[in-house]
Amino acid sequence: MKLSTSWESIDVHLLQILRALLSECSVSSAARKLNLSQPAVSTALRRLRDITGDPLLVRSRNGMTPTERGMALLEPVKIALLQIETLAVQQVRFNPAQTRRVFNIATPDYLNASLVSQLVGQLRRTAPQSQIAIHSLGPNFDVVSALEHGDLDVVIGNWPQPPEQLRMLPLFDDDVVCLMRAGHPLATQTMDTATYLAAEHLLPSPYSVGQRGVIDLYLARERLKRNVSAYVPYFNMVPYLLLQSDMVFSGPRHFAEYFCHHLPLVVREVPVAFPPMNFYLLWHDRTHHADECRWLREQIVSVSRSPGWQQLPGAAVAA
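Let me begin by describing the structure that accompanies this report. (Residues numbered from 1 in each chain as written. Predicted model: local features only at pLDDT ≥ 70, side-chain atom pairs only at ≥ 80, totals over all residues. Heavy atoms only, no water.)

## Remarks on the overall build of the protein
A count of helices and strands for the protein gives eleven helices and 13 strands. Residues classed as buried in the protein amount to 45% of the 319 residues present. Expressed as a percentage of contacts within the protein between residues at least 6 apart in sequence, the contacts between residues at least 24 apart total 77%. Accessible surface for the protein amounts to roughly 16,300 Å². Of this, 51% is attributable to carbon and sulfur atoms. (Helix = DSSP H or I, 4+ residues; strand = E, 2+ residues; numbered from the N terminus. Buried < 20%, exposed > 50% of the residue type's maximum accessible area, 1.4 Å probe, protein only. Contact = heavy atoms within 4.5 Å. Areas by Shrake-Rupley, 256 points an atom, 1.4 Å probe, with all protein chains shown as cover.)

## A short note on the pattern of salt bridges
Evaluated as defined, the whole model comprises eleven salt bridges. With its nearest N and O atoms 3.2 Å apart, the salt bridge here joins K33 to D151. In this pair, K33 sits in helix α2 (residues 27-34) while D151 sits in the loop between α6 (143-148) and β5 (154-157), placing the two residues 118 residues apart along the sequence. Accessibility expressed as a relative area gives 42% for K33, which makes it partly exposed. Across the pair D291 and R294 runs a salt bridge, and its minimum N-O distance is 2.5 Å. Placement of the pair is D291 and R294 together in helix α11 (residues 291-304), with a separation of three residues, close to one helical turn. (Salt bridge = Lys/Arg side-chain N within 4 Å of Asp/Glu carboxyl O.)

## Re the nonpolar core
Core analysis: the largest hydrophobic core is formed by 57 residues, its most contacted members being F274 and I300. With residues up to four places along the chain from it excluded, the contact list for I300 reads I105, L119, V154, I156, L171 and L281. Ranked by size, the runner-up nonpolar core spans 23 residues in total, among them L22, A30, L56 and L73. (Core = buried A, V, L, I, M, F, W, Y, C linked by side-chain atoms within 4.5 Å.)

## What about the environment of E164?
Following the sequence through the fold, E164 ends up in the loop between β5 and β6 (167-174). Look at E164 and you get exposed, because its relative accessible area is 79%. On a C-alpha basis, the gap between E164 and V144 in space is 9.8 Å, while along the polypeptide they are 20 residues apart.

## Observations concerning the sheet that holds strand β4 (residues 131-136)
Pairing is mixed in the open sheet, where five strands are placed in the order β4-β3-β5-β12-β6. The outermost strands of the open sheet, each flanked by one partner alone, are β4 and β6. In this sheet, adjacent strand axes meet at a mean angle of 20 degrees when their direction is disregarded. In terms of strand pairing, β6 meets strand β12 (residues 277-283) through seven bridges, oriented antiparallel. By the bridge assignment, D174 is partnered in β12 with M277. Strand contacts of helix α5 (residues 113-126): β3 (102-107), β4 and β6, with the helix running at about 160 degrees to β4, the strand carrying the most contacts. (Pairing = 2+ DSSP bridges. Axes fitted to C-alpha atoms, helices over the stretch in contact; angles between N-to-C directions.)

## What to know about helix α3 (residues 38-52)
In this model, α3 (15 residues) spans 21 Å end to end at C-alpha, consistent with the 21 Å of a helix rising 1.5 Å per residue. All buried positions along α3 are accounted for by V41, A44, L45, L48, I51 and T52. Along the axis of α3, the buried residues cluster in a sector spanning 120 degrees; they form a single face. Of the residues one or two after α3, G53 is the one with positive phi, at around 70 degrees. (Expected span 1.5 Å × (residues − 1). Arc of directions from axis to C-beta.)

## Some remarks on the environment of F259
Here F259 shows up in helix α10 (residues 253-260). Here F259 is in contact with N236, P239, Y240 and L265, once residues within four sequence places are set aside.

## Some thoughts on helix α8 (residues 214-221)
Among the residues making up α8, those that are buried are V214, I215, Y218 and L219. Angularly, the buried residues of α8 cover 120 degrees about the axis, an arc narrow enough to put them on a single face. Residues of α8 that are buried sit in contact with β7 (176-181), α7 (193-198), β10 (247-252) and β12. R223 sits one or two positions beyond α8 and adopts a positive phi of about 60 degrees.

## Description of the packing of aromatic side chains
Taken as a whole and judged by the stated rule, the model has eleven aromatic pairs. Measuring from centroid to centroid gives 5.6 Å for F103 and W295, while their planes differ by 40 degrees, and the two rings are tilted. Taken as a pair, F103 in strand β3 and W295 in helix α11 lie far apart in primary sequence, 192 residues in all. Take W295: its relative accessible area is 11%, and that puts it in the buried class. An aromatic cluster is defined as three or more aromatic residues linked by ring pairs; in this entry it consists of F235, Y240, F249, F255, Y258 and F259. (Phe/Tyr/Trp six-rings, centres within 6.5 Å; stacked < 30°, edge-to-face > 60°.)

## Side note on the packing of α5 against α11
The axes of two packed helices give the description: the angle between them and the distance between them. It is the contact of α5 with α11, at a shortest axis distance of 10 Å, that shows an interaxial angle of 135 degrees. With respect to their mutual orientation, α5 and α11 come out oblique. α5 and α11 meet at a crossing whose hand is right-handed. Listed contacts from α11 to L115, Q118, L119, Q122, L123 and T126 of α5 are W295, L296, Q299, I300, S302, V303 and S304. Counted by class, the contact of α5 with α11 contains seven nonpolar, six polar and no charged residues. (Parallel < 35°, antiparallel > 145°, perpendicular 65-115°, else oblique. Left-handed = near helix turned anticlockwise from the far one by under 90°. Nonpolar A, V, L, I, M, F, W, Y, C, P; charged D, E, K, R; others polar.)

In structure tokens, the structure reads:
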């Protein structure tokens, strides 16, 4: 490919598109991430190919893959954008009422919907021109890398052992309860440890590879084993599967009580002394001093520590 355009013609917008293309390996995915049209990203890719003298992305069996030149450019482009962002932050004082920034927050999908809705509501009231992107953590989600490279601003997590290289701030604790349909045989019976372990358990897949949750760590340490009947990929599928079976689910109280308020489900106290689930905020040093990221963290802390999102009327709870 002939080099027809000088590197002097590249701007920040093109660098952002280049980073998205090389990270997503898809024109359509890059367009969604940047909130641009697919034709606009395709046009930018043609310009970038002219500037670099390289195809950058080529078709492969699974879609598109970066060329050797493209892969070599990814890290320098990320560094360049980070340096430009640092200059912009130093020059412009952050004003939440005027910012058009996209705030990227990742959470496990069992985080209480009431908390998320109140957080989004507060961000919309105080920064009405901004955008909020809530990302769901999954087993292949590299949290440390996403925070380090600016793909995420913060993560709300509850790993028993959070990554040591990230900054952390505690948010709230939640205890483990058992959720089941209102007509479940155990809904009106006394449940001891043997009964609990023998019940048909529904388990969501872990949202982080190599990370055991509070429940699995405790059971392994005590050499106890649940009777697992089914696995599902998403926590929000759990309540609807419970309605159609005699399975039970063990998880955070606020998650369980939220669905009890909307569906014919009940919460039972577990007969096992599980430790509480500790939820906390994670972020990287790269955003620690940025005004807009500090403001975002303050909003999350304010909402998560307020009693409003934890109060749900009418949840069915049994002893």
